[in-house]
Amino acid sequence: MKSSLLCALGATCLLVGVAQADLKWTESIKMAGNTAAGMPPGMGGFSVQSTHYMNAEASRVDTKTQFGPMNMVTRQIDLCPTKKTLNFFDEGKLYSESTLFPASMMPGMPGPGGMPGMGGPGGRPGGSSGPKQTGMQTISFTFRDLGSEKILNIPTRHYALDMTMTASGCAGKGTNKIKMEAWTANFPMPAPCLAPTSFEGAMKSLPMRQNNNCKVTMKINGNTASASKAFGGFMMRMKFGLGQGTFTREVTQLSRLPIPASTFRPPAGYRKVSAAELDKARQSAMMQGMMGGMMGRMGQH
């Protein structure tokens, strides 16, 4: 009776009923201030369009990334029961398997491989040999509740955080000021193994090592219990600014219709390879795309 009453209200029925209902959504990530990413004027912008599929045990993300003259299509499947991540290279019909890491609350950033999601499992930099190194990262923040808003007719709570991040050792060097905003809906991610359970957990899921031999000690100053409210539900919109660049991630469509189980399996005809072989194939395609884009731009002048 309660679910039927709420569903009669329209879009609200997307958020109630079975707690672990399937969820599909599309979102965009855009960046303002291209020069902050070291991109020369006239080289184009940065944008990501992704479609997410999620049920109680798995998640799939299909992503189209435009970074200056480069265009890239990637796909990733995370499997909760086996704690594995499958990464795909569709042009070569290849996929690799790695250990699953919880998804970061932050939008994907260009990593050592040159594109979001190409820096290794979970967005982390790839491994390296040599002795163990140490680093320190300190995060200090203030938290504000800016009231309620609706996005796609879904009620959300608008929060803001002002953060200072200081790093040393193998965690990096220097201090960055980061401004963040989140519009959070009060319903959970269907696959609990993929969602950080707290603000502190979300911060620790961020890539911050120069290599996998880096042991990072993190210190967080601020009210983490209050900040967890902003990131404990489903984020319909998120903004964060670093230097002169500002990223905006926003959900543009959302559905709770059932998702076929085949969505979370490798397609027929795909060959399993090592992560290194997959990255090599991706980077080769990325370089070809970059050169083709630059030649195309030169030909227009």
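Residues numbered from 1 in each chain as written. Predicted model: local features only at pLDDT ≥ 70, side-chain atom pairs only at ≥ 80, totals over all residues. Heavy atoms only, no water.

A. Expanded view of the overall build of the protein chain. A tally of regular secondary structure across the protein chain gives four helices and 13 strands. Residues classed as buried in the protein chain amount to 43% of the 301 residues present. Excluding contacts between residues fewer than 6 apart, the proportion of contacts in the protein chain whose partners are at least 24 apart in sequence is 65%. Here the protein chain has roughly 15,500 Å² of accessible surface; of this, 55% comes from carbon and sulfur atoms. (Helix = DSSP H or I, 4+ residues; strand = E, 2+ residues; numbered from the N terminus. Buried < 20%, exposed > 50% of the residue type's maximum accessible area, 1.4 Å probe, protein only. Contact = heavy atoms within 4.5 Å. Areas by Shrake-Rupley, 256 points an atom, 1.4 Å probe, with all protein chains shown as cover.)

B. Region of interest: the confidence of the model for the protein chain. Per-residue confidence for the protein chain gives a mean pLDDT of 74; residues scoring 70 or more make up 69%. Here helix α1 (residues 2–7) stands out as the least confident element of the protein chain, with mean pLDDT 28; strand β13 (residues 271–272) is the most confident, with 94. When the criterion is pLDDT under 50, residues 1–19 qualifies, and its contacts beyond four places in sequence or with other chains add up to 16 contacts. A low-confidence stretch, residues 105–128 (pLDDT under 50), is modelled with 71 contacts involving residues beyond four sequence positions or located in other chains. (pLDDT = per-residue confidence, 0-100.)

C. Focus on the pattern of salt bridges. Under the counting rule described, the total for this entry stands at nine salt bridges. A salt bridge links D62 to R75, with the shortest nitrogen-to-oxygen separation between them at 3.9 Å. Placement of D62 in strand β3 (residues 58–67) and of R75 in strand β4 (residues 70–79) is noted, with a sequence separation of 13 residues between them. Note that E250 is salt-bridged to R237, the shortest N-O span being 2.9 Å. Taken together, the residues span a long stretch of sequence, with E250 in strand β12 (residues 245–255) and R237 in strand β11 (residues 234–242) at a distance of 13 residues. The network of salt bridges with shared partners includes R60, D62, R75 and D90. (Salt bridge = Lys/Arg side-chain N within 4 Å of Asp/Glu carboxyl O.)

D. The arrangement of the pairing of β4 in detail. Counting buried positions along β4 gives seven out of 10 residues, so the element sits mostly inside the fold. Direction of pairing for β3 relative to β4: antiparallel, over a ladder of 10 bridges. Pairing of F67 across the sheet is with M70, part of β4. Bridging between β4 and strand β5 (residues 84–89) involves five bridges; their strand directions are antiparallel. Considered in β5, the bridge of I77 is made with L86. Connecting β4 to the antiparallel partner β5 that follows it, the hairpin turn spans four residues, and K83 within it adopts a positive phi of roughly 55°. (Pairing = 2+ DSSP bridges.)

E. Representation of unusual backbone geometry within the structure. The residue K83 is not glycine, and still its phi comes out positive at about 55°. Within the fold, K83 resides in the loop between β4 and β5. Judged by its relative accessible area of 55%, K83 is exposed. Here the phi dihedral of K93 falls at roughly 50°; this positive angle occurs in a residue that is not glycine. Residue placement: K93 occurs in the loop between β5 and β6 (94–99).

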